[in-house]
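# Examination of the molecular architecture
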Amino acid sequence: MSALLSVNGYTLDYATSQGTLRVLDDVTLDIAPGEVLGLVGESGSGKSTLAFAIMRDLPRNARERSGEIAFAGEELMRIDEAKLAKLRGRRISMVFQDPTASLNPTLTLGRQLAETLIRHQGLTRDAAWREGVEALRRVELSDPEAMMRRYPHEVSGGEKQRVVIATAFACRPELVIFDEPTTALDVITGARILDLFRRLRAETGVAGLYISHDLALVSRIADRVAVIRRGKIVETEPADKVFAAPREAYTRALVDAVPRPHRRLVADRPGERKLIDLNGVSVRYGRPRLFRRRETFGARAVSLDIRDGEILGIVGESGSGKSTLARAMTGLARFDGHIHFGERHIGGPADMDRRYRAAVQIVFQHPDASLNPRHRIGDILARPLALYGGQASEIPRLLEQVRLPAEYARRYPHQLSGGEKQRVAIARAFAAKPALVICDEVTASLDVSVQASVIELLLALRQAHGTAYAFITHDLNLVRQIAHRIAVMRRGVLVDLRDADKIEAQDADPYTRELIAACPVPVGERP
């Protein structure tokens, strides 16, 4: 069978102010009709650049040096813009990592979906609207008629991704490129998106290029897997073989970095003293109305404690209240109920003085959003030192503590990789010498090898300083490696709290069991 997509000897450079940077180097791969090829590799390996090269949507500083990209026998590098416009969306579609960035916030979901059908299928506006409703129904969105009238900010992340997928499949394309489509989603929503793709694939026979750094996820969806490193394809094998018996050392290193719940990384026990104790903590979000206040609960009467040196895992799907709880503990959200920190009673953010804020620090999911892009790393670290009694002379020590060179103090955030930026955020938290650090999805956007190094760093810092962690995540495999206890939240309510080694017990809450069932089996292991 001839290939639907064929990439042969493709090499691409980026022209930068520092010189030429090779991004893709002699890449060769193909995808047969109806086949799904997984493409895995670390951040910066060239995965997304290859996707944009196939879609012919490269930046101006891209320099294509050699090779060819052919779709259905037609050379894509030589066709004109008019043909490309007909090809994109109609015969080749793409689903991006962040559905929020893919959707226009000023237009309803229905109008955006209908415009795709009008452009590529030639439908009238009424016919496109009706077909859009059916497209949303095919991706199992409840009340698709109402969904068509909503704006992107009025739906959840999982619902937005379903709308994007519905748009991608609306014109019955022959190839869909998925670029990390579940990275920003929780484990249950991600599993549902995967099930949806499997069903749509069975119904339409579409081929796919599935890009991800989640090896376990790729092993569940792909027929074959290509492993890319620094722009080079190092291995291409059937999915059931490439992770079970990898040929290349790089592939073996990726497999070894995958979190495995039964491979514990923490063997000690936490202290007996309660470091922080939450009693009936509720957080309400709402806005005043003329006659009443419309409110929703981000967290509802949550009671739990974290002990000296303990790692408490907090898990649940998006919207379950995990980050809301973190905001309450750090004074970023008003709350009802009580927090006791040692002997101190905290009734609200006003009671959180400088001593409390030094003791309870937070590291956010996205360092790009939490590090000021206009400040050098040294300035970013100097601020907490000045606030909490440190000296600027400690900056080199802080950087070395998180395994970054001292000269990074002179750099700006954009000059660092994602993993390096997260290390700076961790260094900033530890500048205050905290007793508790809240880690809010700190590894969610990192590839497996960088994730493993960040976890190893956090554990080393805990060993050195005796710090406790509230580790918020949707990666149950990861949290089972490091947590002493695991708290499970659903719709703002704490539904389960138990020792990590008892999370699979028969008396676990049904929702806890649903979370475990949705977790992908680590690659190289049998389900």
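Residues numbered from 1 in each chain as written. Predicted model: local features only at pLDDT ≥ 70, side-chain atom pairs only at ≥ 80, totals over all residues. Heavy atoms only, no water.

## Side note on the overall build of the chain
Within the chain one finds 20 helices and 20 strands. Here the C-alpha radius of gyration of the chain, 24 Å, is about what a compact globule of 527 residues would show, namely 24 Å. Referenced to the eigenvectors of the C-alpha coordinate spread, the extents of the chain come out at roughly 70 × 60 × 45 Å. Relative to its 527 residues, the chain shows a buried fraction of 53%. For the chain, the accessible area works out to roughly 24100 Å², and carbon and sulfur atoms hold 47% of it. Separation between the mean location of the 76 positive side-chain charges and that of the 67 negative ones in the chain comes to 4 Å. (Helix = DSSP H or I, 4+ residues; strand = E, 2+ residues; numbered from the N terminus. Rg over C-alpha atoms; globule rule 2.2 N^0.38 Å. Buried < 20%, exposed > 50% of the residue type's maximum accessible area, 1.4 Å probe, protein only. Areas by Shrake-Rupley, 256 points an atom, 1.4 Å probe, with all protein chains shown as cover. Lys, Arg positive; Asp, Glu negative; His and termini not counted. Charge placed at Lys NZ, Arg CZ, Asp CG, Glu CD.)

## Quick word on the sheet that holds strand β6 (residues 92-95)
Taken in spatial order, the six strands line up as β6-β7-β8-β3-β9-β10 in an open sheet, and their pairing is mixed. What marks the edges here is a single partner per strand, and that holds for β6 and β10 (232-238). Between one strand axis and the next, the sheet turns by 15° as a mean value, whatever way the strands run. Bridge count for strand β3 (residues 36-40) against strand β8 (residues 207-212) is five bridges, and the pairing is parallel. Bridge pairing in β8 places Leu37 opposite Leu209. Across the sheet, helix α1 (residues 47-54) is in contact with β3, β6, β7 (175-179), β8 and β9 (224-229); its angle to β8 comes to roughly 150°. (Pairing = 2+ DSSP bridges. Axes fitted to C-alpha atoms, helices over the stretch in contact; angles between N-to-C directions. Contact = heavy atoms within 4.5 Å.)

## Focus: the packing of aromatic side chains
Two measures describe an aromatic ring pair: the distance that separates the ring centres and the angle between the ring planes. Applying the stated criterion to the full structure yields six aromatic pairs. Measuring from centroid to centroid gives 6.0 Å for Phe52 and Phe96, while their planes differ by 25°, and the two rings are stacked. You can see Phe52 sitting in helix α1 and its partner Phe96 sitting in the loop between β6 and α3 (99-102), a full 44 residues away along the chain. Through a chain of ring-to-ring contacts, the aromatic side chains of Phe169, Phe178, Phe197 and Tyr210 assemble into a single cluster. (Phe/Tyr/Trp six-rings, centres within 6.5 Å; stacked < 30°, edge-to-face > 60°.)

## Points about the sheet that holds strand β5 (residues 74-75)
Across the sheet, which stays open at both edges, the four strands sit in the order β2-β1-β4-β5 with antiparallel pairing between neighbours. Taken across any chain shown, the strands that pair with only one partner, and hence form the sheet edges, are β2 (19-31) and β5. Pairing of strand β4 (residues 62-71) with β5 involves two bridges; the strand directions are antiparallel. Its bridge partner lying in β5, Phe71 is registered against Glu74.

## What about the packing of helix α8 (residues 187-204) against helix α20 (residues 510-518)?
Viewed as axis vectors pointing N to C, α8 and α20 meet at an angle of 50°, and their least axial separation amounts to 9 Å. Here α8 is positioned oblique relative to α20, judged by the angle of their axes. Crossing geometry of α8 relative to α20 is assigned as left-handed. Within the contact between the two elements, α8 uses Val187, Ile188, Ala191 and Arg192 and α20 uses Tyr511, Glu514, Leu515 and Ala518. (Parallel < 35°, antiparallel > 145°, perpendicular 65-115°, else oblique. Left-handed = near helix turned anticlockwise from the far one by under 90°.)

## Regarding the nonpolar core
Side chains that are nonpolar tend, in soluble globular proteins, to be buried together. Counting residues in hydrophobic clusters, the biggest one holds 53 residues, and the most contacted among them are Ile426, Leu458 and Phe471. Composition of this core by domain shows at least three residues from each of domain 1 (3-255) and domain 2 (307-333 + 352-516). Grouped together as the second largest cluster of nonpolar side chains are 51 residues, Val36, Leu141, Val176 and Tyr250 included. (Core = buried A, V, L, I, M, F, W, Y, C linked by side-chain atoms within 4.5 Å. Domains from an automatic or database assignment.)

## A short note on the pattern of salt bridges
One pass over the full model with this rule turns up 39 salt bridges. One salt bridge in this structure joins Arg199 and Glu140, with 3.0 Å as the shortest N-O distance. Here the residue Arg199 occupies a position in helix α8, and Glu140 occupies one in the loop between α5 (125-138) and α6 (144-148), the gap between them amounting to 59 residues. Here Asp195 ties to Arg198 by a salt bridge, and the two come within 2.7 Å at their closest N and O atoms. With Asp195 and Arg198 both in helix α8 and three residues apart, this pair spans about one turn of that helix. In this structure Arg198 comes out as partly exposed when scored by relative accessible area, which is 31%. (Salt bridge = Lys/Arg side-chain N within 4 Å of Asp/Glu carboxyl O.)

## Some remarks on the domain arrangement of the chain
On domain assignment, one finds that the chain holds domain 1 (3-255) and domain 2 (307-333 + 352-516). Domain 1 and domain 2 are separated by 31 Å when their C-alpha centres are compared. The interface is formed by 11 residues belonging to domain 1 together with 13 residues belonging to domain 2. Taking both partners together, domain 1 and domain 2 bury about 1100 Å²; carbon and sulfur atoms supply 52% of that area. Between the two partners, domain 1 and domain 2, sit zero salt bridges. (Buried area = accessible area lost by both parts, 1.4 Å probe.)

## Observations concerning unusual backbone geometry
Apart from glycine, the bulk of residues carry a negative phi angle, and the bulk of peptide bonds sit in the trans form. With a phi close to 55°, Asp26 is a non-glycine residue in the positive phi region. Considering the arrangement of structural elements, one finds Asp26 in strand β2. In this structure Asp26 comes out as partly exposed when scored by relative accessible area, which is 49%. The phi torsion at Glu441 lies on the positive side, around 55°, for a residue other than glycine. Residue classification places Glu441 among the buried positions, given a relative accessible area of 8%.

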